[in-house]
Amino acid sequence: MVLGEFLVTFLFDSGASHSFIASGFVAKHKIPIVLLKTPLITHSPGASIKCYLGCPRVRIMIKGIEFLANLVVLQSEGIDVILGMDW
């Protein structure tokens, strides 16, 4: 999968209500961020995380087809993008 012009490690998560992007990936590639209107509390194994930032209308290319996704910035490692059921 290609996000903008970068190859990414991604996960399709049918149990996730939102789509996410790793904060380290956002910082490394200088992807524009915005403050979310309402913070999102994300529940993951062992912790609840309050997310304040998002990346709106991010271009995602899968097999030559372009999609737009609104991604919530999440403190995570190992996976760059998680595409949830909102996508």
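Above this text sits the structure in question.
Residues numbered from 1 in each chain as written. Predicted model: local features only at pLDDT ≥ 70, side-chain atom pairs only at ≥ 80, totals over all residues. Heavy atoms only, no water.

**Q** Explain the pairing of strand β5 (residues 34-44) to me, and be specific about the residues and the numbers.
**A** The sheet contact formed by β5 and strand β6 (residues 47-62) spans seven bridges and is antiparallel. Residue pairing for β6: T42 is matched across the bridge by I49. Counting the residues in the hairpin turn of β5 and β6 gives two residues, including G46, whose phi is positive at 90°. (Pairing = 2+ DSSP bridges. Helix = DSSP H or I, 4+ residues; strand = E, 2+ residues; numbered from the N terminus.)

**Q** With reference to specific residues and values, describe the side chain of D80.
**A** By the element assignment, D80 lies in the loop between β7 (65-74) and β8 (81-83). One buried charged residue, D80, forms no salt bridge at all, with the nearest opposite charge on K28 at 7.5 Å. For D80, the side chain forms a polar contact with the main-chain nitrogen of T9, separated by 2.8 Å. Excluding residues within four positions of it along the chain, D80 makes contact with L7, V8, T9, F20, I21, A22 and F25. (Buried < 20%, exposed > 50% of the residue type's maximum accessible area, 1.4 Å probe, protein only. Lys, Arg positive; Asp, Glu negative; His and termini not counted. Salt bridge = Lys/Arg side-chain N within 4 Å of Asp/Glu carboxyl O. Polar contact = N/O pair within 3.5 Å; in protein donor to acceptor, adjacent residues only side chain to side chain. Contact = heavy atoms within 4.5 Å.)

Fair warning: the whole summary comes from geometry, so function is off the table for now.
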